[in-house]
Amino acid sequence: MESVHMTSTQAIGPEVKQVRMFCPVFSPVTHRSGIMYMARSIFDDEKFPTLLDEAIRLLDNIDKGIEGKGFTEFGVVKRIGESSLFHSVMTDTLKMECYEKLAKAVQPEKKELLQKAIAIAKRLECQINDMTSWKALSGIHLKIAKLFIRTQTDENIKKAKYHYKKAYDREFESNNTRFTRFHQRAVIHYAECCIQFPKSDELTDARQILFDIKRRIGADALFEDEIKKIDYSLKQLLKNKKSVSTFIGDDDTITREDKGVQTVSSQDGYQKRFCQKTRDRLISDKKRVQSELQRIDMEIEEVENELQKMNSFSDHE
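Residues numbered from 1 in each chain as written. Predicted model: local features only at pLDDT ≥ 70, side-chain atom pairs only at ≥ 80, totals over all residues. Heavy atoms only, no water.

Enquirer: Tell me about the side chain of Thr93, and please be specific about residues and values.
Expert: Position of Thr93 among the secondary structure elements: in helix H4 (residues 85–105). A distance of 2.8 Å separates a polar atom in the side chain of Thr93 from the backbone oxygen of Val89. When sequence neighbours within four positions are dropped, the list of residues in contact with Thr93 reads Leu124, Ile140 and Lys143. (Helix = DSSP H or I, 4+ residues; strand = E, 2+ residues; numbered from the N terminus. Polar contact = N/O pair within 3.5 Å; in protein donor to acceptor, adjacent residues only side chain to side chain. Contact = heavy atoms within 4.5 Å.)

Structure follows, in structure tokens:
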């Protein structure tokens, strides 16, 4: 039988004839970062809309034509083909920022541009469950919240508060041993959003968080302005909120109950119970410490007695 000699290319098949192109894995990231710095460093009002529009166009095309292209790091293939989730999320987040900035600069098309930004924000919301381990997640929450607050619809204001709170929760859960500027930025944004669009329960929640942070890090002067504004807003809600419930008493007098009063009262009641529990726990800890100190004192006394006995025996000898 005649032997058949094939080259390695013939043996593997025609696929090997497609020479894949490889570039560093950070290449698209560098490209994306360059667009980000450009978009955030434009100070020329006349060129601003044009450059933002160009930034969006570049972001739309940043991953086009990468079929068959591989991305490597130190010689190891990291990705071939479609973008990674992190890269696509960062690209979408930047594109959302560009649309928001462009909406500020181009008034006639403001609504349309904001809608495009919101569409991206909603897409990012659907992907958040896949980002739970990301350090960048709190920043994504903040950017989404910042966009939603601009529309000032009831639904989007509610979403903005949610994302501001989640940004703080994410920082607290991932780094609760120290208070960072990311904690501070997230919680201040949440407090300011609650002050701007006040509801009693949310204001009380923000107030409690601020006080918890003050106690945790021992900074009495921190958040003074925010707490004063919250207290003022709570007082205004109590003062201005219209009555919503009417009751007829035993003496036929008509009284009205304010939902705002109910909400704040219930929150005050919750805070009172929380303080009482904290006090009870501290008292219990104090009793436990006192009991432990008494036990130690007794042990010391016993040791001293033993030493005295030993010394007396030594003297007799």
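Enquirer: Explain unusual backbone geometry to me, and be specific about the residues and the numbers.
Expert: A positive phi angle, close to 55 degrees, is found at Gln152, a residue other than glycine. Note on placement: Gln152 falls in the loop between helix H6 (137–151) and helix H7 (154–174). Here Phe223, not a glycine, exhibits a phi torsion of approximately 65 degrees, which is positive. Mapped onto the secondary structure, Phe223 falls in the loop between helix H9 (200–217) and helix H10 (224–240).

Enquirer: How would you sum up the packing of H9 against H10? Please name residues and give values.
Expert: Relative placement of two packed helices is described by the angle separating their axes and the distance separating the axes. Between H9 and H10, the least distance of the axes is 10 Å, while the angle of their chain directions is 155 degrees. Judged on the interaxial angle alone, H10 and H9 are roughly antiparallel. For H9 against H10, the interelement crossing comes out left-handed. Judged by residue contacts, Ser200, Leu203, Thr204, Ala206, Arg207, Leu210, Phe211 and Lys214 of H9 engage Glu226, Ile227, Ile230, Asp231, Ser233, Leu234 and Leu237 from H10. Here the residues of the contact of H9 with H10 sort into 8 nonpolar, 3 polar and 4 charged. (Axes fitted to C-alpha atoms, helices over the stretch in contact; angles between N-to-C directions. Parallel < 35°, antiparallel > 145°, perpendicular 65-115°, else oblique. Left-handed = near helix turned anticlockwise from the far one by under 90°. Nonpolar A, V, L, I, M, F, W, Y, C, P; charged D, E, K, R; others polar.)

Enquirer: Tell me about the side chain of Lys214, and please be specific about residues and values.
Expert: By secondary structure assignment, the location of Lys214 is in helix H9. This buried residue, Lys214, is left without a salt bridge; Glu224 holds the nearest opposite charge, at 5.5 Å. Not counting chain neighbours up to four residues away, the residues in contact with Lys214 comprise Ala219, Asp220, Ala221, Leu222, Phe223 and Ile227. (Buried < 20%, exposed > 50% of the residue type's maximum accessible area, 1.4 Å probe, protein only. Lys, Arg positive; Asp, Glu negative; His and termini not counted. Salt bridge = Lys/Arg side-chain N within 4 Å of Asp/Glu carboxyl O.)

Enquirer: Which residues make up H4, and what are the values?
Expert: Helix length check: H4, at 21 residues, gives a terminal C-alpha distance of 30 Å against a target of 30 Å (1.5 Å per residue), a fit within 8%. Taken across its 21 residues, H4 has 15 buried, putting it largely inside the fold. (Expected span 1.5 Å × (residues − 1).)

Enquirer: How would you explain the environment of Glu224 if you had to name every residue and give the values?
Expert: Mapped onto the fold, Glu224 is located in helix H10. For the pair Glu224 and Phe211, spaced 13 residues apart in the sequence, the C-alpha separation amounts to 9.8 Å.

Enquirer: Explain the pattern of salt bridges residue by residue, including any values.
Expert: According to the stated counting rule, one finds 10 salt bridges in the structure shown. Among the salt bridges present, the one from Glu155 reaches Lys159, with a minimum N-O distance of 3.9 Å. Residue Glu155 and its partner Lys159 are located together in helix H7, separated by 4 residues, close to a single helical turn. Its salt-bridge partner being Arg207, residue Asp231 comes within 2.6 Å of it at the nearest N-O pair. Residue Asp231 is located in helix H10, and its partner Arg207 is located in helix H9; the two are separated by 24 residues in the primary sequence. When its relative accessible area of 24% is taken as the criterion, Asp231 is described as partly exposed. Residues joined by salt bridges that share partners form a network here, namely Glu125, Glu155 and Lys159.

Enquirer: Describe a negative patch on the surface, naming the residues involved and giving the relevant values.
Expert: Together, Asp297, Glu301, Glu302, Glu304 and Glu306 make up a negatively charged patch on the protein surface. Counting through the fold element by element, Glu304 comes out in helix H11 (residues 259–316). (Patch = residues over 30% accessible without salt bridge, like charges linked within 9 Å, V, L, I, M, F, W, Y side chains within 5 Å. Areas by Shrake-Rupley, 256 points an atom, 1.4 Å probe, with all protein chains shown as cover. Charge placed at Lys NZ, Arg CZ, Asp CG, Glu CD.)

Enquirer: Now, about the packing of H7 against H9: what can you tell me, with residues and values included?
Expert: For the pair H7 and H9, interaxial distance at closest approach is 13 Å and the crossing angle is 20 degrees. Comparing their axes, H9 and H7 come out roughly parallel. In the packing of H7 onto H9, the handedness of the crossing is left-handed. In this structure, H7 contributes Lys161, Lys165, Tyr168 and Phe172 to the contact, and H9 contributes Glu202, Asp205, Ile209, Ile213 and Arg216. Grouping the constituent residues of the contact of H7 with H9 by class yields 4 nonpolar, no polar and 5 charged.

Everything listed here is a matter of coordinates, which is why it stays silent on function.
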